[in-house]
Amino acid sequence: MQKVQSTCNFCAIDCNLDFYVEDGKIVRTVPTKGYPVNDGFSCIKGLSLSKQQTTVKPGALPKIRQGDGSMKEVSWDQAFNHVAGKIKELQEKYGRESVAGISTGQLTLEEFAIFGHVMRNYLQTNVDGNTRLCMASAAVAHKGTLGYDAPGYTLQDLELSDTLIFIGANPVVAHPIVWGRVRNNKVPGHKIIVIDPRRSETAMNADYHYEIRPRSDLALMYTLANILIEKDWIDHEFIEAHTNKFDEFAQFVKAFPISRGVEATGISEDRIMELATMIHTGKAVSFWWTMGVNQGYEAVTTARAIMNLALMTGNIGKPGTGGNSITGQCNAMGSRLFSNTTCLFGGGDFTDEAESRRLADIIGIDPDLMAKKPTIPYNKIIEGINAGEIKGLWILCTNPRHSWTNNETFAEAAKKLELFVVQDIYDNIESAEDATVYFPVVPGIKKAGTYINLERRMSAMRPVLPRGENEISDYECILGVAKALGMGSAIERWETPEQCFDMLRDISRGRPCDFSGVKWDEGRQWPYPEGREAEFADDQRRLYSDGVFFTPNGKANFLFEELLDNPYVQTEEFPLIYNTGRGTVGQWHTQSRTKEVKFVEDVSLKKAYLYMNTKMAEENDVHEMDQVRVYSVNGQNAVFYVKVTDNVPYDQLYAPIHYIECNKLTPSSYDKYSREPNYKGGTCRFEKV
Ligand SMILES: Nc1nc2c(c(=O)[nH]1)N[C@H]1C(S)=C(S)[C@@H](COP(=O)(O)OP(=O)(O)OC[C@H]3O[C@@H](n4cnc5c(=O)[nH]c(N)nc54)[C@H](O)[C@@H]3O)O[C@H]1N2
Ligand SMILES: Nc1nc2c(c(=O)[nH]1)N[C@H]1C(S)=C(S)[C@@H](COP(=O)(O)OP(=O)(O)OC[C@H]3O[C@@H](n4cnc5c(=O)[nH]c(N)nc54)[C@H](O)[C@@H]3O)O[C@H]1N2
Ligand code: SF4
Ligand SMILES: [Mo]
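Residues numbered from 1 in each chain as written. Chains lettered and ligands numbered in written order. Predicted model: local features only at pLDDT ≥ 70, side-chain atom pairs only at ≥ 80, totals over all residues. Heavy atoms only, no water.

Q: Give me the overall build of the protein chain: which residues, what numbers.
A: Each helix and strand counted, the protein chain has 25 helices and 26 strands in total. Each principal axis of the C-alpha distribution contributes one length, and for the protein chain these read about 70 × 65 × 55 Å. Counting only contacts in the protein chain whose residues sit at least 6 apart along the sequence, the fraction spanning at least 24 positions is 73%. Of the roughly 24,700 Å² that the protein chain leaves accessible, carbon and sulfur atoms contribute 48%. (Helix = DSSP H or I, 4+ residues; strand = E, 2+ residues; numbered from the N terminus. Contact = heavy atoms within 4.5 Å. Areas by Shrake-Rupley, 256 points an atom, 1.4 Å probe, with all protein chains shown as cover.)

Q: Lay out the site of ligand 1 with the relevant residues and their values.
A: Around ligand 1, a shell composed of 33 residues is seen, among which Ala174, Asp196, Asp217, Arg582 and Gln587 lie nearest. Lys45 places a side-chain nitrogen or oxygen 3.4 Å from a nitrogen atom of ligand 1. A distance of 2.8 Å is found between an oxygen atom of ligand 1 and a backbone nitrogen or oxygen belonging to Arg215. Its free accessible area being 920 Å², ligand 1 has 99% of it covered by the protein chains. Breaking the shell around ligand 1 down by element, the ones donating at least two residues are α7 (171-174), α15 (291-294) and β21 (576-581). Of the residues in the shell around ligand 1, the class split is twelve nonpolar, 14 polar and seven charged. Each of domain 3 (136-325) and domain 4 (576-688) accounts for three or more of the residues forming the shell around ligand 1. (Near = heavy atom within 4 Å. Polar contact = N/O pair within 3.5 Å; in protein donor to acceptor, adjacent residues only side chain to side chain. Nonpolar A, V, L, I, M, F, W, Y, C, P; charged D, E, K, R; others polar. Domains from an automatic or database assignment.)

Q: So what about helix α18 (residues 353-363)? Which residues, and what values?
A: Within the span of α18, buried status applies to Glu355, Ser356, Leu359, Ala360, Ile362 and Ile363. For α18, the angular spread of the buried residues around the axis is 165 degrees, confining them to a single face. The exposed residues of α18 that point more than 90 degrees off its buried face are Glu353 and Asp361. Summarising the contacts, the buried residues of α18 are in contact with α4 (109-122) and α23 (497-508). Following α18 by one or two positions, Gly364 has its phi on the positive side, about 75 degrees. (Buried < 20%, exposed > 50% of the residue type's maximum accessible area, 1.4 Å probe, protein only. Arc of directions from axis to C-beta.)

Q: Describe unusual backbone geometry, naming the residues involved and giving the relevant values.
A: Trp526 connects to Pro527 through a cis peptide bond whose omega is 0 degrees. Mapped onto the elements, Pro527 comes out in the loop between β19 (524-525) and β20 (556-557). Phi is positive for Asp23, close to 50 degrees, though the residue is something other than glycine. Relative to the helices and strands, Asp23 is located in the loop between β2 (16-22) and β3 (25-31).

Q: Which residues make up the site of ligand 3, and what values do they have?
A: Contacts to ligand 3 come from Cys8, Phe10, Cys11, Ile13, Asp14, Cys15, Ser42, Cys43, Lys45, Gly46, Pro176 and Ile177. Tallied by class, the residues present in the shell around ligand 3 amount to eight nonpolar, two polar and two charged.

Q: Give me the lowdown on the sheet that holds strand β26 (residues 682-688), citing residues and values where you can.
A: Pairing in this closed barrel of six strands is mixed, and the strands run β21-β25-β22-β24-β23-β26 around the ring. Put simply, the sheet's adjacent strands are angled 45 degrees from each other on average, direction ignored. Where strand β23 (residues 627-632) meets strand β24 (residues 637-645), five bridges bridge the pair, whose relative direction is antiparallel. When the bridges of β24 are listed, Val630 appears paired with Ala638. (Pairing = 2+ DSSP bridges. Axes fitted to C-alpha atoms, helices over the stretch in contact; angles between N-to-C directions.)

Q: Tell me about helix α16 (residues 299-312), and please be specific about residues and values.
A: Along its 14 residues, α16 runs 20 Å from first to last C-alpha, staying within 8% of the 20 Å computed at 1.5 Å per residue. Most of α16 sits out of view: 14 of its 14 residues are buried. Of the residues trailing α16, Gly314 is marked for its positive phi of about 70 degrees. (Expected span 1.5 Å × (residues − 1).)

Q: Report on the nonpolar core, specifying residues and quantitative values.
A: Met312, Leu393, Trp394, Phe439, Trp494 and Trp526 are the most contacted members of the largest nonpolar core, which totals 150 residues. Ranked by residue count, the leading element in this core is α16, at nine residues. Per-domain counts for this core show at least three residues from each of domain 2 (63-132 + 331-505) and domain 3 (136-325). The contacts of Trp494, once residues within four sequence positions are left out, are Ala113, Ile114, His117, Phe345, Ile363, Tyr475, Leu479, Gln499, Cys500 and Met503. Listed in part, the 36 residues of the second largest apolar core include Leu164, Ile177, Leu454 and Val464. (Core = buried A, V, L, I, M, F, W, Y, C linked by side-chain atoms within 4.5 Å.)

Q: Which residues make up the domain arrangement of the protein chain, and what are the values?
A: Looking at the protein chain, the domain boundaries give domain 1 (2-54), domain 2 (63-132 + 331-505), domain 3 (136-325) and domain 4 (576-688). Measuring from the centre of the C-alpha atoms in domain 3 to the corresponding centre in domain 4 gives 27 Å. In this complex, domain 3 contributes 25 residues to the contact, which on the side of domain 4 involves 22 residues. Of the roughly 1,800 Å² buried at the junction of domain 3 and domain 4 (both faces included), carbon and sulfur atoms supply 54%. Looking only at domain 3, the three residues that lose the most surface to domain 4 are Val173, Arg198 and Gln295, adding up to 33% of its buried area. Run the count over domain 3 and domain 4 and you get seven residue pairs in polar contact (both at pLDDT 80 or more). Elements with a minimum of two residues in the side of domain 3 that touches domain 4: α5 (136-146), α7, α9 (201-204), α15 and α16. For the side of domain 3 that touches domain 4, the element with the highest residue contribution is α16, accounting for four residues. Classifying every residue of the side of domain 3 that touches domain 4 gives 13 nonpolar, six polar and six charged. (Buried area = accessible area lost by both parts, 1.4 Å probe.)

Q: Pulling in residues and values, what's your account of the pairing of strand β7 (residues 126-129)?
A: Burial along β7 is two-sided: Asn126 and Asp128 facing one way and Val127 and Gly129 facing the other are all buried. In the classification by handedness, the crossover that spans strand β6 (residues 99-103), the intervening α4 and the parallel β7 is right-handed. (Right-handed = clockwise from strand over helix to strand, strands pointing away.)

Q: Tell me what's going on with the packing of aromatic side chains, and back it up with residues and numbers.
A: Tallied over the entire structure, the rule returns 31 aromatic pairs. Both rings, one in Trp76 and one in Phe439, keep their centres 5.7 Å apart while their planes meet at 35 degrees; by these two values the pair is tilted. Of this pair, Trp76 sits in helix α3 (residues 76-94) while Phe439 sits in strand β16 (residues 437-440), and the two are 363 residues apart along the sequence. Across this residue pair, the class does not change: Trp76 and Phe439 are buried. With a centroid separation of 4.9 Å and 85 degrees between ring planes, the pair formed by Phe115 and Trp394 is classed as edge-to-face. Remark: Trp394 occurs in strand β14 (residues 392-396) and Phe115 occurs in helix α4; sequence separation between them is 279 residues. (Phe/Tyr/Trp six-rings, centres within 6.5 Å; stacked < 30°, edge-to-face > 60°.)

Q: Describe the packing of helix α10 (residues 217-230) against helix α14 (residues 269-281), and please don't skip the residues or the numbers.
A: The contact between α10 and α14 brings their axes to 10 Å, and the two run at 65 degrees. For the element pair α10 and α14, the recorded crossing hand is right-handed. Where α10 abuts α14, its residues Leu220, Thr223, Leu224, Ile227 and Leu228 lie against Ile272, Met273, Leu275, Ala276 and Ile279. Looking at the contact of α10 with α14 residue by residue, the classes come out as nine nonpolar, one polar and no charged. (Left-handed = near helix turned anticlockwise from the far one by under 90°.)

Q: Residues and numbers for the sheet that holds β16, please.
A: Spatial strand order, β5-β4-β16-β15-β14-β6-β7: seven strands in an open sheet with mixed pairing. Edge positions in the open sheet fall to β5 (71-73) and β7, since each of these has one partner strand only. Along the sheet, successive strands turn relative to each other by an average axial angle of 15 degrees, direction set aside. Of the pairings in the sheet, the one linking strand β4 (residues 63-65) to β16 comprises two bridges and is antiparallel in character. Looking at β16, one finds that Ile64 is bridged to Val437. Its contacts with the sheet put α4 on β6, β7 and β14, and the angle it makes with β6 is roughly 165 degrees.

Laid out in structure tokens, this is it:
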């Protein structure tokens, strides 16, 4: 029996697992003992990765839509030539930007990079990713406050903090290993605090739960800042030495007396004071935010306000502290820095000509062929298709027909495309219904590459199973199209993922994400510069311990602005908040991968459901598992089964995202800086069916 250690490619923890292989089959999967991330633990999703050896059809061939509407299998070469020809034809006829791509945070670093190279550099067009739906707000917030998209923490901080504050994060369901690390926390008297309008699974397990009104986080953060300043519960020395613009910030939050916080959040004055006092008395306070913050109409500003609290109390760069964003997908961190979508490879600006030339030299391309501006955002791509300006779309490792906000707009777009390439491991995902080309690729267990986890750890994905005839990876698939496009010397240095990794390593040299000392197939946190390995030997490292940030003067920025008007206030017509998010540990997003896991299937509902407050249900004569039709402010409606609970407030519904109905009802509304959808902030009403 052979043992292969590899990385789980579901969530951003990037657990390592030992796969035992016999006769070309995975016979046992065991979480890797001693691995600094998950040390012998994992969740059911990682343990179920072996299912893909049977559920992903082996040896599948690509398919092309025929005149009669049917899909016909063709050889890989035929498919590459067809797609390359069609891309060129569309670009000639309608202009370069008439073709676009939507990528993901769930492929390897090398796969994003080659896709970004082909589409953004060579074809000079737009590619956005599902990372926009997830981490864009955090990325923009980090750049402004810290000077670079560099979350500073290490997972060990969860064990070292005495005051852990989770804001819009539900790790019990979404990041079980994060929660495992919290449970390992041995600091005497440590407190776990949750800020979430809903009594989430994490709130149920916390010491304190502040059930604020949805979208009132920003007002709460400013109110807390004001209290901390008024009481002089701040770290003057740190502020003075390591931050910019504190005085302006202090002046600004004077407009947030505690009464304003009470009015916005619905939390009493005493309880807001209690929270401020815990931030003050904590010796190592850590703030952890996820989608309850990122997916809002003033998400970037809220994330900045959280980091402001960490900065003003000096809770950053020290063990157990930080204003920390928890990442979602296995390689969201990688896609943020190496997809060539919103920044150059390695985080540089498209306008930085010297940096652009340096990169062109490393990747072997004429500097004129480098992308010159950031991509248009996801929503502009979908709107562009619906407006008839974008005619070709290539999506890989994402299922937007299901996951995109107001998803009927994607359904509409898909039907208008002249070329719609869907690259996935399953041909039955909702997004493939209108595909004109389907590329079947192998799942993670059959390929090699690198992920970066939530604490900046490069994590090696190693092929666990051999490949059969016709089986190719995402990397090879993109390379095939690149060659068919006639890229010639512009793709010469990109023959294998390993070669690509070497180029990215060179690119990272001297940048904050410097991983020049990391070898292919090695797991390490960045930075890890070549020649300074001994200095960076600790494998649980955090950034900013020297108080130096990535801004021009090395100081972190206090960034703030007035509250915006909520685009979706509750009205008589739409009196309820429509909250959405993860359902259970076993279910992953659009469920293409997890619905096959028998254990998960046995305990999950097959049809869309939502949670409704007990009193609301009683008043409307709704009982457990009755059906209701929900009418959304976006003009759509859908039917859901009802689960009755006290964990959701009276005037809210909570719909798990794992059913396509969920995003039928979310609005086309975005944060103005990050363009991330305001997925958790719609309004609705319902009637019993
Ligand atoms: N099992 C499982 N795990 C996953 C995933 C999965 O699909 N399934 N997906 C992964 C991915 S890509 C991601 S991004 C993460 C997401 O991880 P999380 O962000 O933790 O998950 P969500 O359920 O989307 O949202 C978290 C909480 O935000 C709350 N919330 C809603 N509105 C507000 C608000 O106005 N203020 C505050 N403070 N809270 C609010 C919701 O009630 C919810 O409990 O999970 C990852 N892990
Ligand atoms: N209402 C609402 N909507 C949301 C959210 C929310 O909280 N509320 N959360 C948003 C967030 S944070 C996210 S990250 C998105 C996720 O949204 P999606 O990215 O659309 O969801 P997934 O189901 O993860 O889609 C991944 C696809 O990749 C395929 N796949 C798996 N492995 C491979 C591979 O190796 N190669 C290829 N080519 N394909 C593969 C899977 O079969 C699947 O079809 O949803 C967003 N949508
Ligand atoms: S889904 Fe996340 S927590 Fe579960 S095994 Fe995979 S990486 Fe670990
Ligand atoms: Mo995500």
